[in-house]
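Residue-level listing of the chains:
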Amino acid sequence: MNDDTPRNRKHATSRRSAPDHERRDFIRASGVLGFGLATSALGLRPGTAEAAEPGRRGGTLRVAIPAAKSIDPLKIDSAGAIAIVQQVGEYLVWAEPDLSLRPVLATAWHTPDGGKTWIFELRKGVKFHDGREMTADDVVATFERLVNPKMASVARAQIPFLKPGDTTRVDHHTVKFTLDRAVGEFPYYTQIYNAVILPHDYAGDFAKNPVGTGPFRMIDYKPQQSARFERNPDYWDAGKPYLDAVEMGLYGSPQPMILALQGGDTDMMLGISSIDAKPLLAKPDIRIARAHSSATRLLAMRVDRKPFNDRRVRQAVALCLNREAMLKVLLGGAGELGNDHPIAPIFGDHIRLKQRHQDVGRARRLLAEAGYPRGFEIDLYTGDYLELPQYAILAQQMLAPAGIRVKLRVEPLNTYYDHWTQVDFGLTDWTGRTTPSQILSAAFGGHSEWNAAHWKHPGFDDIVAKLEASTDPHQRDRLANQAATMLHDETPAAIAYFIDLLRPMRRKVKGVEANMSQYLDLTQAWLS
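Structural notes, computed from the coordinates. Because the structure is a prediction, the values reported are computed rather than measured.

Quick notes on the rules
- Residues numbered from 1 in each chain as written.
- Predicted model: local features only at pLDDT ≥ 70, side-chain atom pairs only at ≥ 80, totals over all residues.
- Heavy atoms only, no water.
- Pairing = 2+ DSSP bridges.
- Helix = DSSP H or I, 4+ residues; strand = E, 2+ residues; numbered from the N terminus.
- Axes fitted to C-alpha atoms, helices over the stretch in contact; angles between N-to-C directions.
- Contact = heavy atoms within 4.5 Å.
- Expected span 1.5 Å × (residues − 1).
- Buried < 20%, exposed > 50% of the residue type's maximum accessible area, 1.4 Å probe, protein only.
- Parallel < 35°, antiparallel > 145°, perpendicular 65-115°, else oblique.
- Left-handed = near helix turned anticlockwise from the far one by under 90°.

## What about the sheet that holds strand β7 (residues 174-178)?
Moving on, step 1. With antiparallel pairing, the 4 strands of this open sheet are ordered in space as β4-β5-β7-β6. This sheet does not close on itself; its edge strands, each paired only once, are β4 (106-110) and β6 (167-171). Across the sheet, the axes of successive neighbouring strands diverge by a mean angle of 25 degrees, strand direction being ignored.
Moving on, step 2. Alignment of β4 against strand β5 (residues 117-122), held across 4 bridges, turns out to be antiparallel. Residue A106 lies in a different strand from β5, and its bridge partner there is L122.
Moving on, step 3. Packed on one face of the sheet, helix α3 (residues 136-147) meets β5, β6 and β7 and runs near 175 degrees to β6.

See below:
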C-alpha cells in the first residue's frame, strides 16, 4: 500500500457537527483515489477520477445492478436492493471516502456521557415524498422498527446495543439514542444500509409504497427486472439532483451487465470484479472508478459440525490458500492480503500478526493430527457474483494437495443467500464497513444471525464490546490486536484478501465514484 494513504484513525467520544475540515480530521482512512497501490495488472492509473466540473441538469442515467431478493428496507441484504433503496431513502449521516461523516438528515450529533447516550439534531425543512415533514417521530419510529424482534429486520444483528424503547424524541427535531453500553463510533451505525429514515406510520411493502426523503422517487418497480426513478423536485438540497431520471436494470449475473455496458444499453454498473473488468480496460469511452475498502470474502467453516469442529482442520484450510496468487489472479493486484481476520488496513488499526502464508505440508500434518490423514470430502457453496466462482475454483485447486476434495456448489445469488448461514462450508461476499467493530460483531459475534461459522466465544464478544466503546487510541490498538489474534488462531473463516471496489461507467457519467461499501449516491450525478 502506498505510504500516502491516510490511516491515522482518530476517535472522539463526543462531538458536535463541525465544519467540513474538522470533520475530515475526525477519522481518516483510505480514500477513493489511492491508485499508488498496485497500478497493477488492471492497468488503472492514478488520476483516473474525473476532475470536479459543474453539474449539468437533465437526462436519464441507466444503471445495471445485481438482482434483488427484496427491497424492503428492513430486510435488504444485497447490493442491488441497497442501491434501489438508497435512491428513495436517506440516512442521518454519510461516510465519505476518508471516513469522515457528512451530515445528511442529521446536522449535528454529540454524546454527553462518553458514548452511551447520543443526541442527534435533525435537519429542518426536509419533506418525505408524500409531502409530510420529516421529524423526530419518524427517526424514532425507523430505529424502533429496526430493533423490534417482531419485524425480522436484519439490522438487529448490526446494532445489538440499541434496544426497543431506547430511541426517544427530545423535541420536534432532536432524537436521543440510549445504548446499553458505550459505543464511541455510534454515528457510523446510523448508516447501516437498513437505516434509511421512513415515515413514522410506514406500513411496509416498499415495492408498492416507496416513500422516503431521497433525491429520487421510485415510480415503477418490476421485481427482478427493473426500477425507474424520477427527480424529487422538493429535495431538501436545493438544486440537486441534476438528473431527471434513473433507470436500473436488474441482472442475475455479471456478464449480461458487461454486455449491456459495452453495447451502450446501460451507462454504468454498480460494481464489477477485477476479472470481469479486464475486457473494459481497452474501451476508451469507459472509465473504472476504484475505492479502497474493507470489503472481503469470508470462507466460513461451521465450527459446530465435523470436520470443522476441530480448529486444526480450519487452520489447515487457511494454510492451503496461496493468498498472493489469489490477490493477483482474482483481483489483478487491486487489494491487500488478508490474514484471517476482518480488520482491513483502511481502518488504520495496525495489526501486528505474522502473515499466514501457504504451507501445504503443515496443513497435512494438522489434518493428520485431527484424524483426517487422508483428508475429506466437502461441498463448498457460494453465489454467482463478482469473483466468487473463480475464488471457489482456486480454493478447490489449492485444497486438493492436502487431501481436501471440494465439490463446488455455485448457486444463483438469491439461492445462496437463502441458506448461506446454514451450509457447512460457504464463501460469502461481505461489503465494506466503516468501522472494524461492525464486521467483527456482525460476522463473528455470538448474538449475530450472520455468524455463518456459528463460532461463539464470550471473551471475543467482550473484546468487541470494549473496542466499540473505546476512544483511546492505545486501548483500541490493543483490543483490535486481541480480536484479530483470536480470529487468526481460531480460524472460523479464512480471509485471503481485502478488495478495492470497482465501478465501471461510460465517460459521459459525471459526479459518481466508487464507494467503499458499494453504496450508490446519485445526488451529484450528471451526464455530459
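## Section: helix α14 (residues 473-490)
Moving on, step 1. Here α14 is 18 residues long and its end C-alpha atoms lie 26 Å apart, about the 26 Å a rise of 1.5 Å per residue gives.
Moving on, step 2. Within α14, the full set of buried residues consists of R476, D477, L479, A480, N481, A483, A484, M486, L487 and H488.
Moving on, step 3. At its buried positions, α14 is contacted by α12 (436-444) and α13 (458-469).

## Side note on the pairing of strand β8 (residues 216-222)
Moving on, step 1. Judged from the 6 bridges that link them, β8 and strand β9 (residues 226-231) form a sheet pairing that is antiparallel. For M218, the partnering residue across the bridge sits in β9 and is F229.
Moving on, step 2. Linkage of β8 to β9, two consecutive antiparallel strands, is achieved through a turn of 3 residues, within which Q224 is found at a positive phi near 65 degrees.

## Here we look at the packing of helix α8 (residues 323-331) against helix α10 (residues 388-399)
Moving on, step 1. Relative orientation of the contacting elements α8 and α10 amounts to 150 degrees, with a least axis distance of 11 Å. Classified by the angle between their axes, α8 and α10 sit roughly antiparallel to one another. Along this stretch, α8 crosses α10, giving a crossing that reads as right-handed. Contacts between α8 and α10 involve A325, M326, V329 and L330 from the first element and Q390, Y391, L394 and M398 from the second.

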